[in-house]
Amino acid sequence: MKKFDYDLNYKELDLRKQPELYTVGRGEQGVLMVEPYKSEILPHWRFKTPEIATESSQKIYELFLEYKEQGDFVGMDMARKFLQMGYTRARRYTNHKGGRKYSKEDGSILPYQNDKVKAEAAAIFKAQWEIAKSDPDYVQMKKEHRENYEQADE
């Protein structure tokens, strides 16, 4: 599997026009870099409460389906990454008030808490993320993208 390429000039690139330059990478890599998708999806990404997370995850999943309809794998993968990031960030806030996991003073892990509201928001995003990442068309398009454009790093 090829590593996400952080050296590309994402501010200048339109990866809708040049999907061959896109690398899936691992997890959420590049989620806040790849345009025009970042600008299209980010305004809808929120997880403060379960109600907000529901609305946000549904809208992002709608975008996922729109990208799918257009045959736009990069858009689908970016929507999937935003859903995944909704889950991981909400979990971070579930476990650590303010979202800070490590101490500024010594870098140690701060004490865990259990914010039930953020945990519910995380579960909402996780459910939607699971649906997106297991979509049969997404799985097939991801396989094809990797075969066509991604060579394993040496």
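Please refer to the structure placed before this passage.
First, a word on what this report is: a plain description of the structure on this page. Being a predicted model, the structure only gives us computed values, none of them experimental.

### Considerations on the side chain of Asp 72
Looking at where Asp 72 falls in the secondary structure, it is placed in the loop between α2 (50–69) and α3 (73–95). Judged by its relative accessible area of 10%, Asp 72 falls in the buried class. Within polar-contact distance, the side chain of Asp 72 engages the backbone nitrogen of Val 74 at 3.3 Å.

### Side note on the packing of α3 against helix α4 (residues 116–133)
At a minimum axis separation of 8 Å, α3 and α4 run at an interaxial angle of 155°. Between α3 and α4, the angle is such that the two are roughly antiparallel. When you trace α3 past α4, the crossing you get is left-handed. Each of Arg 80, Phe 82, Leu 83, Gln 84, Gly 86, Tyr 87, Ala 90, Arg 91, Tyr 93 and Thr 94 in α3 lies in contact with α4, whose residues at this interface are Lys 118, Ala 119, Ala 121, Ala 122, Phe 125, Lys 126, Gln 128, Trp 129, Ala 132 and Lys 133. Class assignment of the residues belonging to the contact of α3 with α4 gives a composition of eleven nonpolar, four polar and five charged.

### So, the packing of aromatic side chains
Inspection of every chain in the model, using the stated rule, returns eleven aromatic pairs. Plain terms: the ring middles of Phe 4 and Tyr 6 are 4.9 Å apart, the flat faces sit at 65° to each other, and that makes the pair edge-to-face. Classification of Tyr 6 as partly exposed rests on a relative accessible area of 46%. Between the aromatic rings of Phe 73 and Tyr 138, the centroid separation amounts to 5.7 Å while the plane-to-plane angle is 25°, which identifies the pairing as stacked. Of this pair, Phe 73 sits in helix α3 while Tyr 138 is found in helix α5 (residues 136–149), placing the two residues 65 residues apart along the sequence.

### Some details on a nonpolar patch on the surface
Nonpolar side chains collect at one region of the surface, where Tyr 102, Ile 109 and Tyr 112 lie side by side and expose about 340 Å² of accessible area between them. Ile 109 sits in the partly exposed class, given a relative accessible area of 46%.

### Topic: the packing of α3 against α5
Put simply, α3 and α5 touch, their axes get as near as 10 Å, and they point 115° apart. Taken as a pair, α3 and α5 cross one another with a handedness that is left-handed. In this structure, α3 uses Phe 73, Val 74, Met 76, Asp 77 and Arg 80 to contact α5, whose residues at the interface are Tyr 138, Met 141, Lys 142 and His 145. Tallied by class, residues from the contact of α3 with α5 come to five nonpolar, one polar and three charged.

What counts as what
- Residues numbered from 1 in each chain as written.
- Predicted model: local features only at pLDDT ≥ 70, side-chain atom pairs only at ≥ 80, totals over all residues.
- Heavy atoms only, no water.
- Helix = DSSP H or I, 4+ residues; strand = E, 2+ residues; numbered from the N terminus.
- Buried < 20%, exposed > 50% of the residue type's maximum accessible area, 1.4 Å probe, protein only.
- Polar contact = N/O pair within 3.5 Å; in protein donor to acceptor, adjacent residues only side chain to side chain.
- Axes fitted to C-alpha atoms, helices over the stretch in contact; angles between N-to-C directions.
- Parallel < 35°, antiparallel > 145°, perpendicular 65-115°, else oblique.
- Left-handed = near helix turned anticlockwise from the far one by under 90°.
- Contact = heavy atoms within 4.5 Å.
- Nonpolar A, V, L, I, M, F, W, Y, C, P; charged D, E, K, R; others polar.
- Phe/Tyr/Trp six-rings, centres within 6.5 Å; stacked < 30°, edge-to-face > 60°.
- Patch = residues over 30% accessible without salt bridge, like charges linked within 9 Å, V, L, I, M, F, W, Y side chains within 5 Å.
- Areas by Shrake-Rupley, 256 points an atom, 1.4 Å probe, with all protein chains shown as cover.
- Salt bridge = Lys/Arg side-chain N within 4 Å of Asp/Glu carboxyl O.

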